[in-house]
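So you can see what is in the structure, the chains are spelled out below.
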Amino acid sequence: MAPQVPRVFLLPKNDASTPFTIVTLPHPRTSVPTRFLLHGSTGLHEITKIVPASSAPRSWLLAPTTDTDTDTKTKTADTWLGTGQTLSDATLYLTTPYDPLFLLLPLLLPPVPTPTSTLYQPLDDLLDALAESEAGAEEGAEYHWAAVLAAPRCRAVLEARVKAISETTTPATGAYRPALARAMAVLAKKCEAMAAPALPGSMEAAAVGRALSAGGAMGVEGVVAGVERLGVSADKDAADAAEDERLRRLLRLRTAAEFLGGAYLAAHHAEALMVFLAGRWDFGAVEVRVGEVRAARNEVAVLRSGDFAIGGGRGGGGGGGGGEKKRRKKKEEEEEERKKRAPAASKAVRDLGKVNTRGMAKMTSFFKKKET
């Protein structure tokens with residue numbers, strides 16, 4: 001049996017009396033067996049693998065915590081860590097809280113309704129169906145729904161999520177039927193929470209800043225002046241500023257939905273979420289503005305390329321003189337290079353070139369017709 005390779009995990013704050021467990025569950029997007037971190041008190045956690053760039057090799061230097069307690073030091077020394085260890089593999093496994101709603105949706109709301117998916121069922125029956133789904137695991141994989149349901153914290157969260165996306169006849173009966181519309185409403189609230197007041201920094205810059213900012217997208221000096229020449233004013237009044245902020249909020253909302261759909265939802269659920277959001281918000285104005293900004297960037301790029309062609313590039317003097325000098329210099333350099341690459345003449349040819357041929361008849365004169 002091969003020895004286990006130590007790995008570095010960034011874990012949530014843990015009560016020492018409650019151990020962590022690694023479980024395998026189907027990924028909601030791809031149905032591929034995926035590992036999650038299960039904790040009895042804090043629930044499920046997603047495991048994100050962070051690998052350092054190959055161009056910058058890294059390693060881990062691990063050392064025990066400094067503690068004045070002699071008993072603690074003795075316990076640490078008896079473990080694998082001992083007085084310290086180094087790991088050549090600098091991969092970091094980051095664990096973050098995970099909403100089990102994403103895992104429930106493919107099972108409770110399949111793309112093709114099953115005979116039981118349209119019926120009102122007791123809550124326990126809906127959750128027990130999760131454990132039965134272990135039989136459908138891919139070959140070589142084993143799902144651990146039973147372990148998830150056995151954790152009190154996880155079961156309570158699962159029950160709350162099932163109720164949130166289900167219709168019920170009366171609360172007293174305790175019978176529930178998952179409904180797509182209710183599930184999409186819950187996901188829409190997630191998108192709103194993610195988009196308010198702004199998306200994470202990198203996502204905000206790439207999805208919102210680039211799409212609605214001509215200056216930021218061009219990345220050249222003087223682009224605002226170029227945009228103004230196209231009739232897109234850089235100075236907005238209060239009404240324009242308010243409209244711009246409204247479009248930004250809509251674009252953030254749509255970006256959040258696209259992110260959730262691409263990372264955590266099955267294809268049919270991601271499509272249903274976009275349709276649901278389009279029914280509540282009008283994204284047409286966003287498409288128009290994004291198209292206008294894209295067209296403005298393209299025209300400014302054309303104008304910039306025209307300026308370079310006319311002026312011979314930056315610093316060309318604006319009159320083409322700089323460009324002409326560059327072309328002349330380039331031609332001279334090419335001529336010098338051609339002469340260098342030409343084969344060297346022999347000594348006889350060089351000596352013949354020094355002969356004074358003044359007054360001598362040319363070779364062509366011997367082939368002319370004789371005058372009569």
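Higher on the page you've got the structure.
Residues numbered from 1 in each chain as written. Predicted model: local features only at pLDDT ≥ 70, side-chain atom pairs only at ≥ 80, totals over all residues. Heavy atoms only, no water.

Caption draft 1: Representation of the overall build of the chain. Each helix and strand counted, the chain has 14 helices and ten strands in total. Considering only residue pairs separated by 6 or more positions, the chain has 69% of its internal contacts joining residues 24 or more positions apart. Looking at the chain as shown, the accessible area adds up to about 24,300 Å², and 56% of this sits on carbon and sulfur atoms. (Helix = DSSP H or I, 4+ residues; strand = E, 2+ residues; numbered from the N terminus. Contact = heavy atoms within 4.5 Å. Areas by Shrake-Rupley, 256 points an atom, 1.4 Å probe, with all protein chains shown as cover.)

Caption draft 2: Quick look at a negative patch on the surface. A contiguous patch of negative charge on the surface is contributed by E332, E333, E334 and E336. Within the element layout of this structure, E332 appears in helix α13 (residues 321–341). (Patch = residues over 30% accessible without salt bridge, like charges linked within 9 Å, V, L, I, M, F, W, Y side chains within 5 Å. Salt bridge = Lys/Arg side-chain N within 4 Å of Asp/Glu carboxyl O. Lys, Arg positive; Asp, Glu negative; His and termini not counted. Charge placed at Lys NZ, Arg CZ, Asp CG, Glu CD.)

Caption draft 3: Here's a closer look at the pairing of strand β7 (residues 92–97). For strand β1 (residues 8–10) and β7, the ladder comprises three bridges, and the chain directions are parallel. Residue F9 lies in a different strand from β7, and its bridge partner there is Y93. As paired elements, strand β4 (residues 43–50) and β7 share six bridges and run antiparallel to each other. When the sheet's bridge partners are listed, H45 is paired in β7 with P97. (Pairing = 2+ DSSP bridges.)

Caption draft 4: How the structure looks around the packing of aromatic side chains. With the rule as written, the count across this model stands at six aromatic pairs. Aromatic side chains F36 and Y98 sit 5.0 Å apart centroid to centroid with 55 degrees between the ring planes, which places their arrangement in the tilted category. In this pair, F36 sits in strand β3 (residues 33–39) while Y98 sits in the loop between β7 and α2 (101–108), placing the two residues 62 residues apart along the sequence. Residue F36 shares its accessibility class with Y98, and that shared class is buried. Both rings, one in F102 and one in Y264, keep their centres 5.0 Å apart while their planes meet at 20 degrees; by these two values the pair is stacked. Highlighted residues: F102 in helix α2 and Y264 in helix α10 (residues 238–264), separated in sequence by 162 residues. Judged by its relative accessible area of 6%, F102 is buried. Residue classification places Y264 among the buried residues on the basis of a relative accessible area of 15%. Through a chain of ring-to-ring contacts, three or more aromatic side chains come together here, namely F36, Y98, F102, F259 and Y264. (Phe/Tyr/Trp six-rings, centres within 6.5 Å; stacked < 30°, edge-to-face > 60°. Buried < 20%, exposed > 50% of the residue type's maximum accessible area, 1.4 Å probe, protein only.)

Caption draft 5: View of the nonpolar core. Within the largest apolar cluster, 55 residues are counted, with the highest numbers of intra-cluster contacts made by L25, L44, L105, V148, L187 and L273. If you tally residues by element for this core, the top one is α10, at eight residues. Not counting residues within four places of it along the chain, the set of residues in contact with L187 comprises L101, F102, L105, L260, L265 and L273. (Core = buried A, V, L, I, M, F, W, Y, C linked by side-chain atoms within 4.5 Å.)

Caption draft 6: Layout of the pattern of salt bridges. A full pass over the atoms with the stated rule returns 13 salt bridges. A salt bridge links E245 to R252; its shortest N-O distance comes to 3.4 Å. Taking the relative accessible area as the measure of exposure, E245 reaches 31% and is therefore partly exposed. Note on R252: relative accessible area 6%, which makes it buried. Notably, a salt bridge pairs E258 with R254, separated by 4.0 Å at the nearest N-O pair. One end of the pair is E258 and the other is R254, both in helix α10 and four residues apart, which spans about a single turn. A relative accessible area of 44% places E258 in the partly exposed class. What makes R254 buried here is its relative accessible area of 15%.

Caption draft 7: Fine view of the packing of helix α3 (residues 123–132) against helix α5 (residues 152–164). Between α3 and α5, the least distance of the axes is 11 Å, while the angle of their chain directions is 115 degrees. Taken together, α3 and α5 sit at an angle that is classed as roughly perpendicular. When the axes of α3 and α5 are compared, the crossing they make is right-handed. Residue-level inspection shows L123, D124, L126, L127 and D128 of α3 in contact with α5, the latter providing R155, L158, E159, V162 and K163. Residue composition of the contact of α3 with α5, by class: five nonpolar, no polar and five charged. (Axes fitted to C-alpha atoms, helices over the stretch in contact; angles between N-to-C directions. Parallel < 35°, antiparallel > 145°, perpendicular 65-115°, else oblique. Left-handed = near helix turned anticlockwise from the far one by under 90°. Nonpolar A, V, L, I, M, F, W, Y, C, P; charged D, E, K, R; others polar.)

Caption draft 8: Region of the structure containing the side chain of H269. Mapped onto the secondary structure, H269 falls in helix α11 (residues 267–280). When its relative accessible area of 1% is taken as the criterion, H269 is described as buried. Within the structure, H269 has its side chain in polar contact with the backbone oxygen of L109 (distance 2.9 Å). Those residues in contact with H269 that sit more than four places away from it in its chain are L105, P106, L109, L180 and M184. (Polar contact = N/O pair within 3.5 Å; in protein donor to acceptor, adjacent residues only side chain to side chain.)

Caption draft 9: Structural view of the sheet that holds β4. Read across the open sheet, the five strands follow the order β1-β7-β4-β3-β2; overall the sheet is mixed. In this open sheet, the two edge strands, each paired with only one partner strand, are β1 and β2 (20–26). Pairwise comparison of adjacent strand axes, ignoring direction, gives a mean angle of 35 degrees for this sheet. Of the strand pairs in this sheet, β3 and β4 are connected by four bridges, and their pairing is antiparallel. Directly across from F36, in β4, lies its bridge partner E46.

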